[in-house]
Amino acid sequence: MENRKDGFVYLMIPRTNPIERLSIRFLKQPSFFPVKLDELGAFVSKQIDGVKTIDEISTNLEAEFGEKASPVVPRLAKFIEMLEVNDWITWRREN
């Protein structure tokens, strides 16, 4: 994550597929793709630390934003789904 001067938080996604790697090398393209987050997305991204559960994150989100985050669980689930589908997060199994 990166905080920028414009006040927004960005996820910095590495560009790793072969075509992107060529464009980085030969066309001097940036090696990361910035994804701008709104304040809810920035808050959730900071909560994802490998320790907190989804339930804890949803509770924290609701405590921080109240009605602005409603409906909390569906919005959080969709955001997490988007992160997962794009391989920006990975899940681990607890023993």
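Our subject is the structure that appears above.
Below is a summary of the structure that appears in this document.

Reading guide: rules and limits
- Residues numbered from 1 in each chain as written.
- Predicted model: local features only at pLDDT ≥ 70, side-chain atom pairs only at ≥ 80, totals over all residues.
- Heavy atoms only, no water.
- Helix = DSSP H or I, 4+ residues; strand = E, 2+ residues; numbered from the N terminus.
- Rg over C-alpha atoms; globule rule 2.2 N^0.38 Å.
- Phe/Tyr/Trp six-rings, centres within 6.5 Å; stacked < 30°, edge-to-face > 60°.
- Patch = residues over 30% accessible without salt bridge, like charges linked within 9 Å, V, L, I, M, F, W, Y side chains within 5 Å.
- Areas by Shrake-Rupley, 256 points an atom, 1.4 Å probe, with all protein chains shown as cover.
- Salt bridge = Lys/Arg side-chain N within 4 Å of Asp/Glu carboxyl O.
- Buried < 20%, exposed > 50% of the residue type's maximum accessible area, 1.4 Å probe, protein only.
- Pairing = 2+ DSSP bridges.
- Contact = heavy atoms within 4.5 Å.
- Axes fitted to C-alpha atoms, helices over the stretch in contact; angles between N-to-C directions.

## Digging into the overall build of the protein
Per the secondary structure count, the protein includes 4 helices and 3 strands. When the helices and strands of the protein are read in sequence order from the N terminus, they spell out β-β-α-β-α-α-α. Its C-alpha atoms give the protein a radius of gyration of 16 Å, clearly above 12 Å, the size a compact globule of 95 residues would have. Each principal axis of the C-alpha atoms in the protein carries an extent, and together these give about 45 × 40 × 20 Å.

## A closer look at the packing of aromatic side chains
For the structure shown, the criterion picks out 1 aromatic pair. Ring geometry for Phe-43 against Phe-65: centres 5.5 Å apart, planes inclined by 90°, an arrangement best described as edge-to-face. Within this pair, whereas Phe-43 is found in helix α2 (residues 39–47), its partner Phe-65 is found in helix α3 (residues 54–65), the two being separated by 22 residues in sequence.

## Let's talk about a nonpolar patch on the surface
On the surface, a nonpolar cluster with roughly 360 Å² of combined accessible area is contributed by Leu-22, Phe-26 and Leu-27. Turning to its location among the elements, Leu-22 is positioned in helix α1 (residues 18–26).

## A short note on the pattern of salt bridges
Tallied over the full model, the rule gives 4 salt bridges. The partner of Arg-15 in a salt bridge is Glu-20, with the nearest N and O atoms 3.6 Å apart. The exposure class of Arg-15 is buried, given its relative accessible area of 15%. In this structure Glu-20 comes out as partly exposed when scored by relative accessible area, which is 24%. With a closest N to O distance of 1.9 Å, Lys-68 and Glu-39 form a salt bridge. With Lys-68 in the loop between α3 and α4 (72–85) and Glu-39 in helix α2, this residue pair connects regions lying 29 residues apart in the sequence.

## A short note on the sheet that holds strand β3 (residues 32–37)
Spatially, β1-β2-β3 is the arrangement adopted by the 3 strands of the open sheet, whose pairing is antiparallel. Two strands bound the open sheet, and with one partner strand each, they are β1 (2–3) and β3. Looking at chain direction, strand β2 (residues 9–14) and β3 are connected through 6 bridges and run antiparallel. Across the sheet, the residue bridging to Val-9 is Leu-37, located in β3. The strands touched by α2 are β1, β2 and β3; relative to β3, the strand with the most contacts, the crossing angle is about 115°.

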